[in-house]
Each structure stands twice: as structure tokens, then as C-alpha cells.
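Chain by chain, the residues:
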Amino acid sequence: MVNHSPYCFIAPGCHRAPLSRNPEGLACPHGHLFAFIPGTTVPLFASEPEGANEYSFDNAAEFHDNALRWVFSTFETDEASLRERLIARLELGRGARVLVTGAGAGDDLPYLVRALSGDGEIFAQDIAKQMLLAAISRYHAELPISGVNLQFSVSDATNLPFVDDFFDAAYHFGGINLFPSIPNGIAEMNRVVKPGGVVVFGDEGLAPWLTDTEYGRMLITNNPLYACAPPLSALPDTARAVKLTWELSNCFYVIEFRVCRDPLPINVDVPHLGKRGGTIRSRYFGQLEGVAPSLREQVYVEAERRGVSRVDYIESALRTALGRD
């Protein structure tokens, strides 16, 4: 059913020591065991308590199916076209390795398999054990014969059990608004995707031009999650090629970005020309205590008389005063 490669799994929060496999589950060097769900080879790292929410009951998948039917009927959107369009943003090719967080009952899995063209790996993760077991039940016979290696884990998307830089892409749609920490969920997808790989995620959230319309107010009254804003401020500061769009009648935001580990290519030491002078670095880190306005004006006049920038004059005067000229 599932062909696990333990070398990719780590104890959540430890990004170094790989887990080893034994008949009971996956073990870490410090003696912790992450047991397989009975009757499967799916490791359980973290799970919602039984009955904690609508996704942690035995019939959770059926409940979720009904909710999805409502969404696609309400927004008059073809489900297959939407899923294909979103997954196309991952830019998957043959042999790619992709992570799906919050995979639920596995609705995206057939579309991901087709995008991999018969060669690759899909890791499906969810913290709701009942939902993930439904995904396994629905797709364990159909999808493995496609040639794609399909793997599951019950785990926390905000503390993933995977080594750094392991995936070519990460995908999530529907659920991130309910994460205990949205920034941690985004940071974890960024951590486990290789530089150059793509992260795509989205959830309920009206486009801003709709929030104060009657249309928007009706939706927010029906479900407060439609008032959620896209969590752009939670993106890593090294993100590249960031895009924000909306789907499902502009009621679900979608954010995508390309993973990069390098700082932004900004040279903060290029000197400014003109009266003020200085650089981005010196203007930010070099601020001093305030002085009397009359003294400040004298400094400005003297710098202009000498034909130098204010920063150059002040630095020269300070070095002289400190005996370092």
C-alpha cells in the first residue's frame, strides 16, 4: 500500500537525525518511537484528539465531501479545473517529489499523480487521522499502480517530520486559516522545499474589494473565515517570485512563491549623492541622539559651505572630536 523511505523522516523539531524503521514504527536515536497506525505502515507523529473537531470523527471524510460539494456549487466552479489549475502552479515534472500538507481525504492526489506523469513521489500529511485513513482507503489501490510512490503520515503541518530541503514543491489548499500558527505552517513548507522549488497554498479569504460589499458581508456572516486576509506578512523574507491571486469567485486567496535561502540582493552600502549623503546602512544603524534644532541648522549650513554631504561632515567632525581624524 505505502512504500515508506524512513531516511526522509525525522523526529519533529529535529532536522538532523533520521529515523530508522522497525516492525512497530519509526524510531529515533534517542529512543522515541513513532508507531504505525494499526493495520498500516503510516507513522503517527501527532494527531487531533478523537472528536476534537469535525475532521476527527470516523465519518469526517463524508462530512468534508458534503462541504466541498457546497463550495463548488455555491461558487459555480468546476472542481477538476480548479485543482488542475492550482497544481499546475507547482511546475511539477517527472520524478519530482511533492508534499501535500492538510491532505485530508486525498482529493488532490489523483491530480498530482497526473502532473507527475507516472514518475515521482507524493507525501500526503494531515493531523486528522480519520481524514488521512479515508485518503488511504480511497486511493491506496488506484494510485500506486500509476508508478508514483505515495506516502502518508499523520503529523502536524506546523512541525513537520521531514528533513530540510527534501521536496521539490509543497502544496496546501483549504485549512491553513485554522492552523494553530499560520507563520509556522508557512515556515515549515519553506524549510522542507529545496531552493528553487515552489510553495503554493490558499484558503478562504475574500479579495479586499469584496469585503465591504453586501456579497462579502453575506459570505462572512455565513462563515467568518471569509474575512481572513492573505497571510503575506508570514512569508519568509527570502521568498522570490511571490504571487497573490484569488479563486472561487474571488473568495479564496492563493499565494505562491519560489523558495530561496539567499538574502535579497540589496546593497545597503551604496552612497547617496546630494546634501544628506550616507547609505541605507548608515541612515538606519548610524542614528545618534537628538541635538538642538539651531545646532542642526548650523551643521547643515557648514556642510553646504564646505561642499560635502551632511553625513560626511558629521562623521568628520565626530572623528576629529574623538581624536581619530
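Computed from a predicted structure; not experimentally measured. (Residues numbered from 1 in each chain as written. Predicted model: local features only at pLDDT ≥ 70, side-chain atom pairs only at ≥ 80, totals over all residues. Heavy atoms only, no water.)

A. Fine view of the sheet that holds strand β3 (residues 33-35). Judged by pairing direction, the sheet is antiparallel, and its three strands sit side by side in the order β1-β2-β3 without closing on themselves. Since the sheet does not close on itself, it has two edges, and those belong to β1 (20-22) and β3, each with one partner. Going from strand to strand, the sheet's axes swing by 25 degrees on average, the running direction of each strand aside. Sheet topology note: the strand β2 (residues 25-27)/β3 ladder contains three bridges and is antiparallel. Bridging across to β3, L26 finds its partner in F34. (Pairing = 2+ DSSP bridges. Helix = DSSP H or I, 4+ residues; strand = E, 2+ residues; numbered from the N terminus. Axes fitted to C-alpha atoms, helices over the stretch in contact; angles between N-to-C directions.)

B. Spotlight on the packing of helix α1 (residues 60-74) against helix α4 (residues 129-139). Contact geometry for α1 and α4: axes closest at 8 Å, N-to-C directions at 85 degrees. In terms of orientation, α1 and α4 fall into the roughly perpendicular class. Touching A60, A61, E62, H64 and D65 of α1 are Q130, M131, A134 and R138, all from α4. Within the contact of α1 with α4, the residues separate by chemical class into four nonpolar, two polar and three charged. (Parallel < 35°, antiparallel > 145°, perpendicular 65-115°, else oblique. Contact = heavy atoms within 4.5 Å. Nonpolar A, V, L, I, M, F, W, Y, C, P; charged D, E, K, R; others polar.)

C. Looking closely at the nonpolar core. Counting 43 residues, the largest nonpolar core has L90, L112, I122 and F152 as its most contacted members. Every residue in contact with I122, bar those within four places of it in the chain, is listed here: V98, V100, L109, L112, V113, L116, V148, N149, L150 and Q151. Residues F9, L26, F34 and F45 belong to the second largest nonpolar core, which totals 36 residues. (Core = buried A, V, L, I, M, F, W, Y, C linked by side-chain atoms within 4.5 Å. Buried < 20%, exposed > 50% of the residue type's maximum accessible area, 1.4 Å probe, protein only.)

D. Up close: the side chain of S309. Here S309 shows up in the loop between α8 (293-306) and α9 (310-321). Polar contacts involving the side chain of S309 include one to the main-chain amide nitrogen of D312, which spans 3.1 Å. Apart from residues lying up to four places away in sequence, S309 is in contact with G274, K275, R276, G277 and A303. (Polar contact = N/O pair within 3.5 Å; in protein donor to acceptor, adjacent residues only side chain to side chain.)

E. Focus on a nonpolar patch on the surface. A contiguous nonpolar surface patch, about 390 Å² in accessible area, is contributed by L288, I314, L318 and L322. For I314, the position within the fold is in helix α9. Residue classification places I314 among the partly exposed residues on the basis of a relative accessible area of 32%. (Patch = residues over 30% accessible without salt bridge, like charges linked within 9 Å, V, L, I, M, F, W, Y side chains within 5 Å. Areas by Shrake-Rupley, 256 points an atom, 1.4 Å probe, with all protein chains shown as cover. Salt bridge = Lys/Arg side-chain N within 4 Å of Asp/Glu carboxyl O.)

F. Molecular detail of the layout of surface pockets. Volume-wise, the second largest pocket comes out at about 820 Å³. Together, 20 residues line the second largest pocket, and G286, L288, V299, R310 and I314 are the ones closest to its centre. Those elements giving two or more residues to the lining of the second largest pocket turn out to be α7 (280-285), α8 and α9. Top contributing element to the lining of the second largest pocket by residue count: α9, with seven residues. Each residue belonging to the lining of the second largest pocket can be placed in one class, and the counts come to ten nonpolar, four polar and six charged. (1 Å grid on protein atoms, 1.4 Å probe; cavity = no way out; pocket = protein on both sides within 12 Å on 5 of 7 lines; lining within 4 Å. Points joined across faces, edges and corners; volume = space filled by probe spheres on them.)

G. Local environment of the pattern of salt bridges. All told, the structure shown has 19 salt bridges when counted by the stated rule. Notably, a salt bridge pairs R258 with E91, separated by 2.9 Å at the nearest N-O pair. Highlighted residues: R258 in strand β10 (residues 252-258) and E91 in the loop between α2 (79-88) and β4 (96-100), separated in sequence by 167 residues. Among the residues examined, E91 registers a relative accessible area of 53% and is labelled exposed. Look at the salt bridges and you will find they share partners, linking R85, R89, E247 and E256 into a network.

H. Structural detail: α8. Taking 1.5 Å per residue, 14 residues should reach 20 Å; α8 reaches 20 Å between its end C-alpha atoms and fits that length. A positive backbone phi angle near 75 degrees is found at G307, which sits one or two residues after α8. (Expected span 1.5 Å × (residues − 1).)

I. A look at the sheet that holds β4. The sheet built from seven strands is open, its strands ordered β6-β5-β4-β7-β8-β10-β9 with mixed pairing. Two strands close off the open sheet at either side, each with one partner strand: β6 (148-154) and β9 (240-247). Between one strand and the next, the sheet's axes are offset by a mean angle of 15 degrees, whatever the strand orientation. Its contacts with the sheet place helix α5 (residues 182-192) against β4, β7 (167-173), β8 (193-204) and β10, and it is angled at close to 150 degrees to β8.

Any functional reading would require information that these geometric values do not contain.
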